[in-house]
Amino acid sequence: MKKVLGFGAALVDLLVNVDDAWIANLKVPKGGMNPVNYPQLQKVLSLVGEKQTVPGGSACNTMVGVAKLGAKASFISKVGRDELGALFAEHLKKAGVENRMLSSSTATGTVLSAVTPDAERTMFTFLGASNEVTAKEMTPELFDGVGILYLEGYRAYSEECFVKAIFEARRRGVMTALDFGSFGVVNDCRPLFNKLFAGREIDIVIANEEEAKDYTGESEEAALQKIAQFAKIAVVKLGKRGALIAKDGEVTRVESGSAKAIDTTGAGDLWASGFLYGILSDWSMARAGKLGSIVSNEVVQVVGAQIPEAGWARIHEEMKNV
């Protein structure tokens, strides 16, 4: 089985519980991603109390999930030569993800994830060193043995590097998969996405319902059908209602798990882990989507995007019947 190469931001998540009033006072959209510089991050951090520190970033979370499921995963980004950078490298090692990390004198990227009682997360993101990967550093050998290049939507802000990664993947016959990442990314990077989709450069597009509506102007299956016009596989995730998957003119509906969510951090990332594992394994869309639901069902039961070993044991048991 070939491996998945993830390209995204190397970020350390700082998780904190807040109430709705805390979000309202900062005058930011609840559930959104808010880019901040280092001083702004420090200011927001001064407004919260005890925090849980967990290495992450969307594409990294997905690669950890792929590795934990038993497939090969690799991750490229950039971290600072600091304590958080070392913590990130150790995290990849423990998870069994191939480390293709680069280093910088800039501080390691950090995200404050403010979780409200309804399990919704509002993020304040300092990209730090992860925003410094250059097109020249996206070298051909990164794609040796790779079956799928998984692109985090946030990387589209660095257009030259983003396009270079896609070019190298396409040149080697590697499938390309894009997760939009947030409605903010969709709106900010629409011209680039339009160009890539027009050229049929992205094989798999994964979006949640809000992102799909922002991009297409449609909801649910209508949005799915529009995305499927320019991708071999289109996915619209519907949260508690599961997901819709389109391939070769056929639409598959996948149900979500039954767990009560206490934190949605990483739910979409881990859904993608199961789905990509299924794609690598040549599974049907129903089977791949089902595994995505099984994995995401576990992560919403914990705070943060890291599933404990007991959770992974349950996942591997359920995989036998997928």
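Just above sits the structure.
Reference entry: report on the structure contained in this document. Because the structure is predicted, anything quoted here is derived from the model rather than measured.

1. Remarks on the side chain of Thr116
As for its placement among the helices and strands, Thr116 is situated in the loop between strand E9 (109–115) and strand E10 (121–126). When residues no more than four places from it in sequence are discounted, the contact partners of Thr116 are Val18, Asp19, Asp20, Ile23 and Lys30.

2. Here's the deal with the layout of surface pockets
Of the pockets and cavities examined, the second largest pocket occupies roughly 250 Å³. Taken together, 17 residues line the second largest pocket, and the ones lying closest to its centre are Val64, His91, Lys94, Ala95 and Gln306. Partitioned by chemical class, the residues of the lining of the second largest pocket number nine nonpolar, four polar and four charged.

3. Here's the deal with the environment of Leu41
Residue position: Leu41 is located in helix H2 (residues 38–45). For Leu41 and Ser219, which are 178 residues apart along the polypeptide, the C-alpha to C-alpha distance reads 34 Å.

4. A short note on the packing of helix H3 (residues 58–69) against helix H12 (residues 309–319)
Packed helices, taken two at a time, are described by the angle their axes make and the gap between the axes. Packing of H3 against H12 brings their axes to within 10 Å, and their N-to-C directions diverge by 60 degrees. Relative to H12, the element H3 is oriented oblique. Between H3 and H12 lies a crossing whose hand is right-handed. Counted together, Gly65, Lys68 and Leu69 of H3 and Glu309, Trp312, Ile315, His316 and Met319 of H12 form the full contact between these two elements. The residue inventory of the contact of H3 with H12, partitioned by class, reads four nonpolar, two polar and two charged.

5. Section: the sheet that holds strand E4 (residues 52–56)
The strand order E3-E10-E9-E2-E4 describes an open sheet built from five strands, whose pairing is mixed. The sheet is open, and its two edges are formed by strand E3 (33–35) and E4, each paired on a single side. Each strand axis lies, on average, 25 degrees off the axis of its neighbour in the sheet, ignoring direction. Here strand E2 (residues 11–17) runs beside E4; their pairing, made up of five bridges, is antiparallel.

6. Regarding the pattern of salt bridges
Scanning the entire structure with this criterion turns up 19 salt bridges. Across the pair Glu98 and Lys3 runs a salt bridge, and its minimum N-O distance is 2.6 Å. Of this pair, Glu98 sits in strand E7 (residues 98–99) while Lys3 sits in strand E1 (residues 3–7), and the two are 95 residues apart along the sequence. Its relative accessible area of 12% is what places Lys3 among the buried residues. Lys226 is paired through a salt bridge with Glu218; the nearest N and O atoms lie 3.7 Å apart. Residues joined in a network through salt bridges with shared partners are Arg170, Glu201, Asp203 and Lys232.

7. So, the packing of helix H10 (residues 267–280) against helix H11 (residues 285–299)
Two elements in contact, H10 and H11, have axes separated by 7 Å at closest approach and are oriented at 150 degrees. Pair H10 / H11 crosses with right-handed handedness. In this structure, H10 contributes Ala267, Leu270, Trp271, Gly274, Phe275, Tyr277, Gly278 and Ile279 to the contact, and H11 contributes Met285, Ala288, Gly289, Leu291, Gly292, Ser293, Val295, Ser296 and Val299.

8. Digging into the sheet that holds strand E15 (residues 243–247)
With mixed pairing, the nine strands of this open sheet are ordered in space as E7-E5-E1-E11-E12-E13-E14-E15-E16. Of all the strands in the sheet, just E7 and strand E16 (250–254) have a single pairing partner and so form its edges. Where E15 lies against E16, five bridges are found, and the strand directions are antiparallel. Looking at the pairing, Lys247 lines up with Glu250 of E16.

Quick notes on the rules
Residues numbered from 1 in each chain as written. Predicted model: local features only at pLDDT ≥ 70, side-chain atom pairs only at ≥ 80, totals over all residues. Heavy atoms only, no water. Helix = DSSP H or I, 4+ residues; strand = E, 2+ residues; numbered from the N terminus. Contact = heavy atoms within 4.5 Å. 1 Å grid on protein atoms, 1.4 Å probe; cavity = no way out; pocket = protein on both sides within 12 Å on 5 of 7 lines; lining within 4 Å. Points joined across faces, edges and corners; volume = space filled by probe spheres on them. Nonpolar A, V, L, I, M, F, W, Y, C, P; charged D, E, K, R; others polar. Axes fitted to C-alpha atoms, helices over the stretch in contact; angles between N-to-C directions. Parallel < 35°, antiparallel > 145°, perpendicular 65-115°, else oblique. Left-handed = near helix turned anticlockwise from the far one by under 90°. Pairing = 2+ DSSP bridges. Salt bridge = Lys/Arg side-chain N within 4 Å of Asp/Glu carboxyl O. Buried < 20%, exposed > 50% of the residue type's maximum accessible area, 1.4 Å probe, protein only.

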